[in-house]
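Close look at the chain arrangement
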Amino acid sequence: MPRLEPADIAPDFTLPTADGGEVSLSALRADAEKGVVVYFYPAAGTPGCTKEACDFRDSLASLQGAGYAVVGVSPDGVGKLARFAEAEGLTFPLASDAEHRVLEAYGAWGEKKNYGKTYVGVIRSTVVVRKDGTVELAQYNVRATGHVARLRTLLGVA
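Now for a description of the structure that goes with this document. Since we're looking at a predicted model, the values are computed, not measured. (Residues numbered from 1 in each chain as written. Predicted model: local features only at pLDDT ≥ 70, side-chain atom pairs only at ≥ 80, totals over all residues. Heavy atoms only, no water.)

What follows covers the pattern of salt bridges. This structure, assessed with the given rule, holds five salt bridges. Of the charged contacts, one joins Lys 51 and Asp 55 as a salt bridge, the two residues approaching to 3.2 Å between their closest N and O atoms. Residue Lys 51 and its partner Asp 55 are located together in helix α2 (residues 47-65), separated by four residues, close to a single helical turn. On the accessibility criterion, Lys 51 (36% relative accessible area) is partly exposed. (Salt bridge = Lys/Arg side-chain N within 4 Å of Asp/Glu carboxyl O. Helix = DSSP H or I, 4+ residues; strand = E, 2+ residues; numbered from the N terminus. Buried < 20%, exposed > 50% of the residue type's maximum accessible area, 1.4 Å probe, protein only.)

Structural data, given as structure tokens:
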């Protein structure tokens, strides 16, 4: 899968969300002062994904204060996402990309290796999309632990 690079145009998307609605990148961009943090994660409720989601939850006020919206995208169904959001007190949108269209468009779906086995799945990634729709930052194969803190540093968010 090709990956996005800074200055690329981020593909727009509209996906169903955990709260029964839907979210679009264009609407998030319109409401955000600086841009949107789109993060892709493999599976709601797993240890790494829970750690990352809770880190975004705990950093949400500072990210929003700096002008960024946050949305999490996974292949999980909306029911699983709703249970995850409620269990962890997540207040930002969690979007379901069950058909992997957005994951593929963003280069966050592809071949992975784990314990010597090769398979296809979600590549934990974060793409920051500026208000104008261009990519500010694209990170692939990120580690769940410490990722949000590093991202905040790169974005200059205190």
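After that view of the structure, there is still more to cover.
By definition, the strands of a sheet pair up through backbone hydrogen bonds, in either a parallel or an antiparallel sense. Spatially, five strands are ordered β5-β4-β3-β8-β9 in an open sheet, and the strand pairing comes out mixed. In the strand order of this sheet, the two ends are held by β5 (94-96) and β9 (135-140), each with one partner. Strand-to-strand, the axes of this sheet are offset by a mean angle of 20°, without reference to chain direction. Sheet topology places strand β8 (residues 125-130) next to β9; five bridges connect them, and they run antiparallel. Bridged to Thr 126 within β9 is Gln 139. Most of the contacts of α2 go to strand β4 (residues 68-74), to which it runs at about 160°, and overall it touches β3 (35-40), β4 and β8. (Pairing = 2+ DSSP bridges. Axes fitted to C-alpha atoms, helices over the stretch in contact; angles between N-to-C directions. Contact = heavy atoms within 4.5 Å.)

Glancing now at the side chain of Arg 29. Positionally, Arg 29 belongs in helix α1 (residues 25-31). With sequence-adjacent residues up to four places away left out, Arg 29 is seen in contact with Val 36, Val 129, Arg 130, Lys 131, Asp 132 and Gly 133.

In the sheet, strand β6 (residues 109-114) pairs with strand β7 (residues 117-122) via six bridges, with the strands oriented antiparallel. Looking at the pairing, Asn 114 lines up with Lys 117 of β7. In this antiparallel pair of consecutive strands, β6 and β7, the connection spans two residues, and Tyr 115 shows a positive phi of 50°.

The end-to-end C-alpha separation of α2 is 28 Å, in line with the 27 Å expected for 19 residues at 1.5 Å each. Helix geometry: α2 is bent most strongly at Ser 59, by close to 55°. Listed in full, the buried residues belonging to α2 are Cys 49, Thr 50, Glu 52, Ala 53, Cys 54, Asp 55, Phe 56, Ser 59, Leu 60 and Leu 63. In the core, the buried residues of α2 are packed alongside β3, β4, α3 (78-88), β8 and α5 (147-155). (Expected span 1.5 Å × (residues − 1). Bend = angle between axes of the 7 residues up to and from the residue.)

Okay, the packing of aromatic side chains next. Applying the stated criterion to the full structure yields seven aromatic pairs. Aromatic side chains Tyr 39 and Phe 56 sit 4.3 Å apart centroid to centroid with 20° between the ring planes, which places their arrangement in the stacked category. Of this pair, Tyr 39 sits in strand β3 while Phe 56 sits in helix α2, placing them 17 residues apart in sequence. Here Tyr 39 and Phe 56 have matching classes, each one buried. Both rings, one in Phe 56 and one in Phe 92, keep their centres 6.5 Å apart while their planes meet at 65°; by these two values the pair is edge-to-face. Separated by 36 residues along the polypeptide, Phe 56 in helix α2 and Phe 92 in the loop between α3 and β5 bring together distant segments of the chain. Each of the two residues, Phe 56 as well as Phe 92, counts as buried. (Phe/Tyr/Trp six-rings, centres within 6.5 Å; stacked < 30°, edge-to-face > 60°.)

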